[in-house]
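One letter stands for each residue in the lines below.
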Amino acid sequence: MEYQVNSMNARKEFIEIADEKDRDYWATRLGITGDKLKSVVKAIQSMEFSVLKEYLMMEKIKSGSTYQRFANQ
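Residues numbered from 1 in each chain as written. Predicted model: local features only at pLDDT ≥ 70, side-chain atom pairs only at ≥ 80, totals over all residues. Heavy atoms only, no water.

Novice: Explain the overall build of the protein chain to me, please; I cannot follow it from the model alone.
Specialist: Along its length, the protein chain carries four helices and zero strands. Written out in order from the N terminus, the α and β elements of the protein chain read α-α-α-α. A total of 73 residues make up the protein chain; the buried ones form 22% of that total. Look at the contacts in the protein chain between residues 6 or more apart in sequence, and 23% of them connect residues 24 or more apart. (Helix = DSSP H or I, 4+ residues; strand = E, 2+ residues; numbered from the N terminus. Buried < 20%, exposed > 50% of the residue type's maximum accessible area, 1.4 Å probe, protein only. Contact = heavy atoms within 4.5 Å.)

Structure (C-alpha coordinates):
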(Lines give C-alpha, C1' and ligand atoms only; values in the text may rest on other atoms or scores of the structure.)
Protein backbone atom coordinates (compact mmCIF):
# COMPACT_ATOMS: atom_id res chain seq x y z
CA MET A 1 0.00 0.00 0.00
CA GLU A 2 1.37 3.36 -0.99
CA TYR A 3 -0.72 5.33 1.47
CA GLN A 4 0.38 3.45 4.56
CA VAL A 5 1.69 5.68 7.32
CA ASN A 6 5.40 5.14 7.71
CA SER A 7 5.65 5.70 11.46
CA MET A 8 7.69 2.53 11.93
CA ASN A 9 10.63 4.19 10.18
CA ALA A 10 10.47 7.40 12.22
CA ARG A 11 13.75 7.90 14.04
CA LYS A 12 13.61 8.53 17.73
CA GLU A 13 15.87 11.25 19.08
CA PHE A 14 17.56 10.56 22.39
CA ILE A 15 18.98 13.27 24.58
CA GLU A 16 22.52 12.95 25.91
CA ILE A 17 22.78 14.83 29.18
CA ALA A 18 26.22 13.64 30.31
CA ASP A 19 28.07 16.00 27.95
CA GLU A 20 27.58 19.69 28.77
CA LYS A 21 27.51 20.82 25.12
CA ASP A 22 24.91 18.21 24.23
CA ARG A 23 22.88 19.07 27.31
CA ASP A 24 22.96 22.76 26.40
CA TYR A 25 21.90 21.97 22.82
CA TRP A 26 18.89 19.93 23.92
CA ALA A 27 17.96 22.37 26.67
CA THR A 28 17.96 25.23 24.16
CA ARG A 29 15.92 23.17 21.73
CA LEU A 30 13.35 22.52 24.46
CA GLY A 31 13.46 26.10 25.77
CA ILE A 32 14.65 25.19 29.26
CA THR A 33 17.88 25.30 31.28
CA GLY A 34 20.38 22.47 31.48
CA ASP A 35 19.54 21.91 35.14
CA LYS A 36 15.82 21.73 34.34
CA LEU A 37 16.60 19.21 31.59
CA LYS A 38 18.50 17.00 34.04
CA SER A 39 15.66 17.16 36.57
CA VAL A 40 13.03 16.30 33.95
CA VAL A 41 15.05 13.32 32.71
CA LYS A 42 15.37 12.13 36.29
CA ALA A 43 11.66 12.69 37.00
CA ILE A 44 10.27 10.86 33.97
CA GLN A 45 13.16 8.41 33.56
CA SER A 46 13.33 8.87 29.81
CA MET A 47 15.83 10.51 27.48
CA GLU A 48 13.63 10.38 24.38
CA PHE A 49 13.14 13.89 22.96
CA SER A 50 9.46 13.45 22.07
CA VAL A 51 8.62 12.15 25.57
CA LEU A 52 10.44 15.04 27.23
CA LYS A 53 8.80 17.57 24.94
CA GLU A 54 5.34 16.16 25.66
CA TYR A 55 6.01 16.18 29.42
CA LEU A 56 7.14 19.81 29.31
CA MET A 57 4.07 20.83 27.30
CA MET A 58 1.78 19.17 29.86
CA GLU A 59 3.72 20.83 32.68
CA LYS A 60 3.24 24.21 31.00
CA ILE A 61 -0.49 23.59 30.53
CA LYS A 62 -0.89 22.57 34.16
CA SER A 63 0.85 25.72 35.36
CA GLY A 64 -1.42 27.96 33.25
CA SER A 65 -4.04 30.11 34.95
CA THR A 66 -6.98 28.61 33.03
CA TYR A 67 -6.02 25.08 34.07
CA GLN A 68 -5.54 26.19 37.67
CA ARG A 69 -9.01 27.78 37.77
CA PHE A 70 -10.52 24.60 36.35
CA ALA A 71 -8.58 22.32 38.73
CA ASN A 72 -9.57 24.36 41.79
CA GLN A 73 -13.34 24.29 41.16
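Novice: Would you take a moment to explain a negative patch on the surface for this structure?
Specialist: On the surface, a cluster of negative charge is made up of E16, D19, E20, D22 and D24. Along the polypeptide, D24 turns up in helix α1 (residues 20–30). A relative accessible area of 37% means that D24 is categorised as partly exposed. (Patch = residues over 30% accessible without salt bridge, like charges linked within 9 Å, V, L, I, M, F, W, Y side chains within 5 Å. Areas by Shrake-Rupley, 256 points an atom, 1.4 Å probe, with all protein chains shown as cover. Salt bridge = Lys/Arg side-chain N within 4 Å of Asp/Glu carboxyl O. Lys, Arg positive; Asp, Glu negative; His and termini not counted. Charge placed at Lys NZ, Arg CZ, Asp CG, Glu CD.)

Novice: Mind showing me how you'd approach the pattern of salt bridges here?
Specialist: Side chains that differ in sign of charge can pair as their charged atoms come close. Tallying each qualifying case throughout the model produces three salt bridges. Across the pair D35 and K38 runs a salt bridge whose closest N-O atoms are separated by 3.8 Å. Of this pair, D35 and K38 both sit in helix α2 (residues 34–44), three residues apart, which is roughly one turn of the helix. Classification of D35 by relative accessible area gives exposed; the value is 57%. Residue class for K38 comes out partly exposed when judged on its relative accessible area of 36%. A salt bridge links K36 to E59; its shortest N-O distance comes to 3.0 Å. In this pair, K36 is assigned in helix α2 and E59 in helix α3 (residues 49–63), connecting sequence segments 23 residues apart.

Novice: What is the right way to look at the packing of aromatic side chains in this model?
Specialist: The geometry of an aromatic ring pair comes down to the distance between the two centres and the angle between the two planes. A full pass over the atoms with the stated rule returns two aromatic pairs. On the basis of an interplanar angle of 75° and a centroid distance of 5.1 Å, the ring pair of Y25 and W26 is categorised as edge-to-face. Here W26 falls in the buried class, since its relative accessible area comes to 9%. Pairing W26 with F49 gives two aromatic rings, centres 5.4 Å apart and planes at 45°, and the pair type is tilted. (Phe/Tyr/Trp six-rings, centres within 6.5 Å; stacked < 30°, edge-to-face > 60°.)

Novice: Would you explain the packing of α1 against α3 in this entry?
Specialist: The geometry of a pair of packed helices is captured by two quantities: the angle between their axes and the separation between those axes. Relative orientation of the contacting elements α1 and α3 amounts to 45°, with a least axis distance of 11 Å. By the angle between their axes, α1 is oblique relative to α3. Our pair here, α1 against α3, has a crossing hand that is right-handed. Facing W26, R29 and L30 of α1, the residues of α3 in contact are F49, L52, K53 and L56. Its residues assigned to classes, the contact of α1 with α3 shows five nonpolar, no polar and two charged. (Axes fitted to C-alpha atoms, helices over the stretch in contact; angles between N-to-C directions. Parallel < 35°, antiparallel > 145°, perpendicular 65-115°, else oblique. Left-handed = near helix turned anticlockwise from the far one by under 90°. Nonpolar A, V, L, I, M, F, W, Y, C, P; charged D, E, K, R; others polar.)

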